[in-house]
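Residue-level structure breakdown
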Amino acid sequence: MTFVVDASVVIALLANRQADEVLRKRLATARSLHAPHLIDVEVASGIRGLLLGGKLDSDRAVAMLSDFGSLRITRHPSLPYLARVLELRNNLTAYDATYVAMAEGLDLPLMTRDARMAGAVGHRAEIQVQP
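This write-up is about the structure you can find in this document. Keep in mind it's a predicted model, so treat the numbers as computed, not measured.

**Notes on empty space enclosed by the protein**
- Summed over all chains, the structure comprises 1 cavity of 30 Å³ or more.
- The computed volume of the largest cavity comes to approximately 30 Å³.
- What lines the largest cavity is simply Val 5, Val 9, Val 10, Leu 13, Leu 27, Leu 33, Leu 71 and Ile 73.
- The element best represented in the lining of the largest cavity is helix H1 (residues 7-15), accounting for 3 residues.
- In the lining of the largest cavity, the residues fall into 8 nonpolar, no polar and no charged.

What follows is the structure in structure tokens.
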């Protein structure tokens, strides 16, 4: 299967925790993964937060960034989706709406760990929340 993935799923994959084994297997069998270009900054921000919060050391943070660079994620420009992002302004942040709008536009399910996205109204994307 092919998915749009958000930063929460990618960070969980990179963290490589035993509890996320099902997620790793699911992503490993995906035909392809897609995301807006903003995923790069969001993943870096997430890793930075884990580092500042003392949940990982700097060597592990650097390794996670390196591993992220080797993931095969097709990145898409956000510009074609910005009008839709604005339409979703009352229910989603601009960042989350970019993933949702891309999932709608590509007619692909969006894989996330953010249950709030799945509960948002006003979109037609299939959102799969991973534990």
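**Observations regarding the side chain of His 34**
- Tracing the backbone through its elements, the reader meets His 34 in strand S2 (residues 32-36).
- When its relative accessible area of 13% is taken as the criterion, His 34 is described as buried.
- Within the local environment of His 34, its side chain forms a polar contact with the side chain of Ser 32, the two groups lying 3.2 Å apart.
- For His 34, the side chain forms a polar contact with the side chain of His 76, separated by 2.8 Å.
- In this view, His 34 contacts Thr 2, Phe 3, Val 4, Val 5, Ile 73, Thr 74, His 76, Leu 106 and Leu 108; residues no more than four positions away in its chain are not counted.

**Quick notes on helix H6 (residues 94-106)**
- Between its terminal C-alpha atoms H6 stretches 18 Å, which fits the 18 Å expected from 13 residues at 1.5 Å a residue.
- Here H6 has its buried residues at Asp 96, Ala 97, Thr 98, Tyr 99, Val 100, Ala 101, Met 102, Ala 103 and Glu 104.
- Asp 107 sits one or two positions beyond H6 and adopts a positive phi of about 55°.

**With respect to the sheet that holds strand S5 (residues 127-129)**
- If you walk across this open sheet you meet the 5 strands as S3-S2-S1-S4-S5, and the pairing is parallel. Whereas interior strands pair on both sides, the edge strands pair on one side only; in this sheet they are strand S3 (73-76) and S5. Across the sheet, the mean angle separating the axes of adjacent strands is 35° when strand polarity is ignored.
- Alignment of strand S1 (residues 2-5) against S2, held across 3 bridges, turns out to be parallel. Its bridge partner lying in S2, Val 4 is registered against His 34.
- Each of S1, S2 and S3 touches helix H3 (residues 39-52); the most contacted strand, S3, lies at about 115° to it.

**Let's talk about the packing of H1 against helix H2 (residues 21-28)**
- Across the interface, H1 lies against H2 with an axial gap of 9 Å and an inter-helix angle of 110°. The angle between the axes of H1 and H2 places the two elements in the roughly perpendicular class. Every residue of H2 that contacts H1 at Val 9, Ala 12 and Leu 13 is listed here: Leu 23, Arg 24 and Leu 27.
- When the residues that make up the contact of H1 with H2 are grouped by side-chain class, the tally is 5 nonpolar, no polar and 1 charged.

**Thoughts on unusual backbone geometry**
- If you check the backbone angles, Asp 107 has positive phi at about 55° while not being a glycine.
- Mapped onto the elements of the fold, Asp 107 is located in the loop between H6 and strand S4 (110-112).

What counts, and where the lines are drawn
- Residues numbered from 1 in each chain as written.
- Predicted model: local features only at pLDDT ≥ 70, side-chain atom pairs only at ≥ 80, totals over all residues.
- Heavy atoms only, no water.
- 1 Å grid on protein atoms, 1.4 Å probe; cavity = no way out; pocket = protein on both sides within 12 Å on 5 of 7 lines; lining within 4 Å.
- Points joined across faces, edges and corners; volume = space filled by probe spheres on them.
- Helix = DSSP H or I, 4+ residues; strand = E, 2+ residues; numbered from the N terminus.
- Nonpolar A, V, L, I, M, F, W, Y, C, P; charged D, E, K, R; others polar.
- Buried < 20%, exposed > 50% of the residue type's maximum accessible area, 1.4 Å probe, protein only.
- Polar contact = N/O pair within 3.5 Å; in protein donor to acceptor, adjacent residues only side chain to side chain.
- Contact = heavy atoms within 4.5 Å.
- Expected span 1.5 Å × (residues − 1).
- Pairing = 2+ DSSP bridges.
- Axes fitted to C-alpha atoms, helices over the stretch in contact; angles between N-to-C directions.
- Parallel < 35°, antiparallel > 145°, perpendicular 65-115°, else oblique.

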